[in-house]
Amino acid sequence: MTRFWTEPVAAQPLAAFRISIALIALVDTATSVLPYASRWFGAQSPNAAAFGATYYLPNWPWSLLQIATDAGTARVLAACVIGFALLSLIGLLTRLSCVGLWTTLSLLHAMAPNTLNAGDLLLRVATFYLVLMPCGAAWSLDARLARRGTLVVAPWSLRLAQIQICFVYFFTAIEKLKGFGSLATPGDWLGGSAVRLTLANAMIARWPWFHNMPLWISAPASWLTLGWELLFPVLVLWRRTRYAALAIGVILHVGIFATMEVTHFSFTTLAWYWLFVPAVVLMDLAGKQTGSPDKRVYTVFYDGMCPVCKKAKRNLERLDWLGRLTYRDIHDRASADAALPTVSYADMLRQMYVKRPDGSYFGGFEAFRALAAVLPLCWPLMPFLWLPGAKFLGTRGYKFIARNRFKFAKCDDEACNLHLKLLAGKELDDTVIKQVIELHERYRKAKATS
Amino acid sequence: MAEPRTAHGAWRTIQRAAVAVFVCAHLGALLVANIIQVLPQEPPALLDRPARAYMHATALDQRWNMFAPQVSDTTWAPVLLLIFTDGKSQTVPSSTMPPLLSGRTQLLDIHKLPPEQRACGWNFHLMDGRLRKFESYACKPGAQYMALRTAWTRWMLDQWLADHPGQGGSIRVAQFARAEVVYDGDGPLPRIDSLQMLAIEQRMDPHWPLPHTQQLPGVMP
């Protein structure tokens, strides 16, 4: 517990959080608030009514501008939000711009209680944590101008923000459990009809296709959502279940955005997820180590004698839009052994290996999962690859394909033919591996002689 | 990785103590403010007030039931009803749902319409969701929502007057109604099932039509 609060943390997750929140504030304010200022604000606007509504008064946000409700003031505030969001986005005068963003967004929200949505509120809460965070320590102009090497920061603000989003999920689940006022009268969520009713509500649903969703689909979906929200704090703070919890969250929120009219709510919620992602993964996604001009390059170890593997390599080259992959033939023993000294030749024949820039390496399904982070076309697949059970199914599927990859392959030289004959349909036990090694030794010598 | 930059000596101790106090206070306020929102009874003010004040000051005060709606099995859509001095009437649906109601709720008893005429096209709200909360609250029948209903009615009336210059004098009364949108079994389209009046505060200002207390024909009370 002491380490949780005191051990320095990498600055990149904070930077990713800052960039995402600033981008959402910028785009949302520029597209849905500023152009419609005269519609949302002023004496004849839907927001003007709230100032006389006692319903709102107990939880009214503070404001320096209680009196001003006119569209002109709102325009100025919206422009300030956009300006501070832009500064926060690029990380110029980061702390000051985050304070400005939080203040102006709070003032704007205080003027617009009737046209706020859940995403707006979560965005405002996020900007408060940006004020607390040293979120300009990485991926910012401030860091570049100061030529800082400070890539680790004090952890407490990150921890507070992590706890905040855990609270949001947990207490949301409690509210859902409460049903219609008390636990004694469970509502739609425990009853299992919540998802069906939501998707059948013409005011919320985007599409008419799901209004007749049967209970046998709606109930598991409602309960899964409820259970996941309730357990989110435990699942996401425990390292072993963290990725699975985040993967479920990503799929859930993308699903919500696709089927319901929730404006930027899904994106704002997902921006908080960066706070749980290790810096090394973020740097892999970004492509560069902070402070270094070099690309972070993955090394793919493939079987250069296997036609299927060579075809897979060609496909990877096509997908590698960002130029993040290099390849090594496992039959180039000196090179492969030097790069992955702890992995045997036999293991490399059994499955593909991938080595990350930080030195960690993965084989088989996990190698494919690691590659997805650097292949843009595979990014939508990533949450599915981290779902509970994905590794179990993926590993077995990969083994099946690897074991049978020689059955349908065609060769264009003799060594490949022998390679295939040797391996086709067999388990890659030690005897077979030994024969393969001997074959390749002979082939290499023959090639050297000729 | 490089070590984080830290202050030294006494300043470092003071800094750490201040952070520790802030973290404890923040977590305490967060915990109390969230727990009291889900308690069945009001907690002691001694506990409640400082937490609420802190959350209020930091603009973090938010009840998460907004994220946990108990969804009604009925969709309610707000409608402005205009009764003119010549006895004619007009309904003005919300701008967020143009295909839903126009031309089908002209103060008729909509049960007299054949089902195919009551069917309404689905709404595709692709971008603009900013009025949804306001309109969903306005459609709730409780007295505490009357101010919102009045404001919505006034806002819609202002828009109508802007679109129909010089016709303000022809309106005798403006009322708020909610249209119930339901589903017919397996049918692909929802239909309007009823139109219900909800009370608003009738204003006596020069721009507000005079109050009208008579039962409106064809509208279920």
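Residues numbered from 1 in each chain as written. Chains lettered and ligands numbered in written order. Predicted model: local features only at pLDDT ≥ 70, side-chain atom pairs only at ≥ 80, totals over all residues.

1. Some details on the overall build of chain A
Spelled out, the test is: Helix and strand definitions follow DSSP, with helices as H or I runs of at least four residues and strands as E runs of at least two, each counted in order from the N terminus. Working definition of burial: number of other C-beta atoms within 10 Å of the residue's own, with buried at 20 or more, exposed at 12 or fewer, and partly exposed in between, all C-beta atoms being placed from the backbone. Any pair of residues counts as being in contact when their C-beta atoms, constructed from backbone geometry, are within 7 Å of one another.
Counting its regular elements, chain A contains 22 helices and six strands. Within the span of chain A, comprising 450 residues, buried residues form 41% of the whole. Here the contacts in chain A between residues at least 6 apart in sequence split such that 69% fall between residues at least 24 apart.

2. Looking at the sheet that holds strand β2 (residues 89-93) of chain B
Residue and element names in this part refer to chain B. Where we set the bar: One requirement defines pairing of two strands: DSSP has to find at least two bridges between them. All axes are obtained by fitting lines to C-alpha atoms, using only the stretch in contact for helices, and the reported angles, taken between N-to-C directions, cover 0 to 180 degrees.
A sheet is described by the order of its strands in space; here four strands give the open sequence β2-β1-β3-β4, paired in antiparallel fashion. If you trace the sheet from one side to the other, it starts and ends with β2 and β4 (190-198), each paired once. With direction set aside, neighbouring strand axes in the sheet form an average angle of 35°. Sheet topology places strand β1 (residues 75-84) next to strand β3 (residues 171-183); 10 bridges connect them, and they run antiparallel. Across the sheet, L80 pairs through a bridge with F176, a residue of β3.

3. Side note on the confidence of the model for chain B
Residues and elements named next belong to chain B. The test is simple: What pLDDT conveys is the predictor's confidence in a given residue, as a value from 0 to 100.
Overall, the prediction assigns chain B a mean pLDDT of 76, with 71% of residues at 70 or greater. Mean pLDDT across the elements of chain B bottoms out in helix α3 (residues 98-101) (56) and peaks in helix α1 (residues 9-38) (90). Between residues 212-221, whose pLDDT stays under 50, and residues either more than four places distant or in other chains, the model counts 19 contacts. Overall fold confidence (pTM) sits at 0.85, and the ipTM for the predicted complex is 0.83.

4. So, the nonpolar core
Here is the rule: Residues enter a nonpolar core if they are buried, belong to Ala, Val, Leu, Ile, Met, Phe, Trp, Tyr or Cys, and are joined to the set through C-beta atoms within 7 Å.
The biggest cluster of nonpolar side chains holds 85 residues, and the ones touching the most others in it are A:V81 and A:L101. Contacts of A:V81, omitting those with residues within four sequence positions, involve A:A25, A:T29, A:L101, A:T104, A:L105 and A:L108.

5. What about helix α11 (residues 215-237) of chain A?
Residues and elements named next belong to chain A. Spelled out, the test is: Helix span, as expected, comes to 1.5 Å for every residue beyond the first. The bend reported for a residue corresponds to the angle between axes fitted to the seven residues ending at that residue and the seven starting there.
Here α11 contains 23 residues, and its C-alpha end-to-end distance of 32 Å stays within 8% of the 33 Å for a straight helix at 1.5 Å per residue. Taking the largest bend as the criterion, α11 deviates by roughly 60°, centred on L231, and proline P233 comes between one and four positions later. Turning to α11, its buried residues are S218, S222, T225, E229, F232, L235 and V236. Packed against the buried residues of α11 are α8 (156-178), α9 (188-191), α10 (194-199) and α12 (239-259).

6. Regarding the domain arrangement of chain A
Residue and element names in this part refer to chain A. To keep things clear, this is the line we draw: Domain boundaries shown here were taken from an automatic or database domain assignment. Residue polarity is assigned by list, with Asp, Glu, Lys and Arg as charged and Ala, Val, Leu, Ile, Met, Phe, Trp, Tyr, Cys and Pro as nonpolar; anything else, Gly included, falls into the polar class.
Per the domain assignment, the segments of chain A are domain 1 (9-153), domain 2 (155-262) and domain 3 (297-450). Between domain 1 and domain 2, the residue contacts involve nine residues of the former and seven residues of the latter. Elements represented by at least two residues in the side of domain 1 that touches domain 2 include exactly α2 (12-33) and α6 (118-132). Across the side of domain 1 that touches domain 2, the residue classes tally to eight nonpolar, one polar and no charged.

7. Considerations on the packing of α2(A) against helix α14 (residues 279-286) of chain A
When two helices pack together, their arrangement is given by the angle between their axes and by how far apart the axes lie. Residues and elements named next belong to chain A. Worth spelling out the cut-off: Roughly parallel refers to an angle under 35 degrees, roughly antiparallel to one over 145, roughly perpendicular to one between 65 and 115, and oblique to any angle outside these ranges.
As a packed pair, α2 and α14 sit with axes 8 Å apart at the nearest point and diverge in direction by 55°. Overall, the two elements α2 and α14 adopt an arrangement that is oblique. Here Q12, P13 and A16 of α2 lie close against α14, whose contacting residues are A279, L282 and M283. Here the contact of α2 with α14 is composed, by residue class, of five nonpolar, one polar and no charged.

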